[in-house]
2 protein chains.
Amino acid sequence: MYKERWPSQLLKNTVEELSSLPGVGARSALRFALHLLKQPEENVERFSNSIIRLKRDTNYCKVCNMISDTEVCQICTDSRRDHSCICVVESIRDVLSIENTMQYNGLYHVLGGIISPMDGIGPSDLSISRLKERVESEGVEEVFMALSTTMEGETTAYYLYKILKNSNVRISTIARGIGFGDELEYTDEVTLGRSIQNRQPFDPMNK
Amino acid sequence: MYKERWPSQLLKNTVEELSSLPGVGARSALRFALHLLKQPEENVERFSNSIIRLKRDTNYCKVCNMISDTEVCQICTDSRRDHSCICVVESIRDVLSIENTMQYNGLYHVLGGIISPMDGIGPSDLSISRLKERVESEGVEEVFMALSTTMEGETTAYYLYKILKNSNVRISTIARGIGFGDELEYTDEVTLGRSIQNRQPFDPMNK
C-alpha cells in the first residue's frame, strides 16, 4: 500500500528503509516514520546515531563471538564469572535470554548458527573448531549446551558431543521438561517421556 | 526483559531507542537491532540517514500542513489537480490513505488533530482559521470532510460546518455505509440506518 503517490520523497525513503526491518510492513513503517517526525530533532538524532554506532563501534568478541563494545567482551573478561564452564548457544540473542534468567554465571560460546543441512549450514560454517581450542586450552571443566530442542539443535548437540567427548570435560545440556504453565494433556509424548525419565526429587521450597 | 545485564552498552542503547517506536516492545527492538547488525555498513548508514533527513529536511506545507520536502507541497503546487475542492482530514496519514485510493484529485487541508474535549483538544488547537482563510480567498467551490466516524470526528465535522456554512461553498462528507466484505447481520444499527437513508441507484458496472 501507499505505493503510488508520495507527497514527500524523504518520507517515502524512510518508510522503505523501516519496512526492511523483520516483521514490519508498510503500514507499521509509516506509523514509525510519522512518530519519529513528531519527536524533537535531538531525539531523532540520538535514535539514528545509536543505530549507526551499533554497526560501526561494536564487534564480535574474539573469544566467544558475542557482540561486544570491546575486543574481548565484558563476560569473557569478568573475573567474578566461572571460567571453568562454557555455555554453547546458537546466537547472540540466546546469550541475552540466558543472562536475563540470572541463573548462569559461566562463560559463553556463540556458534553463530546451528547445523542445518536443509539450509546448507554444516559444522564448518559454525565456530566449532574455536570451541574445541577453548575447551582444550583453558582449563575448562564443563561444556553446557543450551541449544533448541529441534531436530537441528539435537543434531548440533550430538555433533559437539562427538567432537568434545575425548576432551576430558563434563558435557551437559539444558533440562528438557514441561514448561511452567503447560498442561500435561497437551504435552507431546517425547517431552512427557523425557520428563518422566528425568524426574527429580520434589523440593517444596523451589518447585 | 533483557534489563539486567547487557554485554554491550551500544546494543542496549539501540534497543532502548527502537523500543520507543509505537507498538515495539523490547523483544522486537532486539530483533530489529540484531537484524541491522547483520546488514552491510552502507545499508545501515542509508537506513539511519533516511531517518535523520526525514526530520531535518522535511517541513509542513505552509498551505495545507501536509508533510513536504518543499515549502509548499507537491499536491498544492500541482496544476493538474482540482484546486476548487479541499479535502479536510485529521492527519498526514489520512492524506496518504486517500491518495492511495486514486479516487481524489483535489487539494487537502490537514487539521493536525480532531476536536476531543477528553484529550483537551479544542478548535483553537487545530488549523481551522487557516482553513477558513483558504476557503474564502482562493475560489474554492467544495469542502469535502473526510473525518473518522467517531464521536470526535462527527463533532469536528459539525463544528467545521458551522464555521463554513456562510462561505458560499458546498460542504460534503465521505459516504457512511457498509464496508466491502461486511455482513449486514454484524453491522451496527446506526451505520445500517444511515446506509438505508442514503441508498443509491444500483449500477451493475460499478457496485
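Definitions and limits used
Residues numbered from 1 in each chain as written. Chains lettered and ligands numbered in written order. Predicted model: local features only at pLDDT ≥ 70, side-chain atom pairs only at ≥ 80, totals over all residues. Heavy atoms only, no water. Helix = DSSP H or I, 4+ residues; strand = E, 2+ residues; numbered from the N terminus. Expected span 1.5 Å × (residues − 1). Buried < 20%, exposed > 50% of the residue type's maximum accessible area, 1.4 Å probe, protein only. Arc of directions from axis to C-beta. Contact = heavy atoms within 4.5 Å. Pairing = 2+ DSSP bridges. Axes fitted to C-alpha atoms, helices over the stretch in contact; angles between N-to-C directions. Buried area = accessible area lost by both parts, 1.4 Å probe. Salt bridge = Lys/Arg side-chain N within 4 Å of Asp/Glu carboxyl O.

Enquirer: I would appreciate a short explanation of helix α6 (residues 151-164) of chain A in the present structure.
Expert: Given 3.6 residues per helical turn, the α-helix brings residues three or four places apart onto the same face. Residues and elements named next belong to chain A. The end-to-end C-alpha distance of α6 is 20 Å, a good match for the 20 Å that 14 residues give at a rise of 1.5 Å each. What α6 keeps buried is the set Gly-153, Thr-156, Ala-157, Leu-160 and Leu-164. Each buried residue of α6 lies within a common arc of 100° when the element is viewed along its axis, so the set occupies one face. Counted as exposed and oriented over 90 degrees from the buried face of α6: Met-151 and Tyr-158. Residues of α6 that are buried sit in contact with β3 (82-89), α5 (128-137), β5 (142-145) and β6 (170-173).

Enquirer: Please clarify how the sheet that holds β3 of chain A should be interpreted in this entry.
Expert: Strand-to-strand pairing in sheets goes through backbone hydrogen bonds, with the strands running parallel or antiparallel. All names here are of chain A. Pairing within the open sheet is parallel, and its 4 strands lie in the order β4-β3-β5-β6. Each edge of the open sheet is held by one strand with a lone partner, namely β4 (106-110) and β6. If you compare each strand with its neighbour and ignore which way they point, the axes differ by 25° on average. Summarising the sheet, β3 and β4 pair through 5 bridges and their orientation is parallel. Its bridge partner lying in β4, Ile-86 is registered against Leu-107.

Enquirer: When you look at the interface of chain A and chain B in this model, what are you seeing that I'm missing?
Expert: On the chain B side, the residues contacting the 66 residues of chain A number 66 residues. The junction of chain A with chain B conceals about 6200 Å² of combined surface from both sides, 65% of it contributed by carbon and sulfur atoms. Put simply, chain A and chain B have 6 salt bridges between them. Put simply, Glu-41 of chain B and Arg-56 of chain A hold a salt bridge, and the shortest N to O gap is 3.3 Å.

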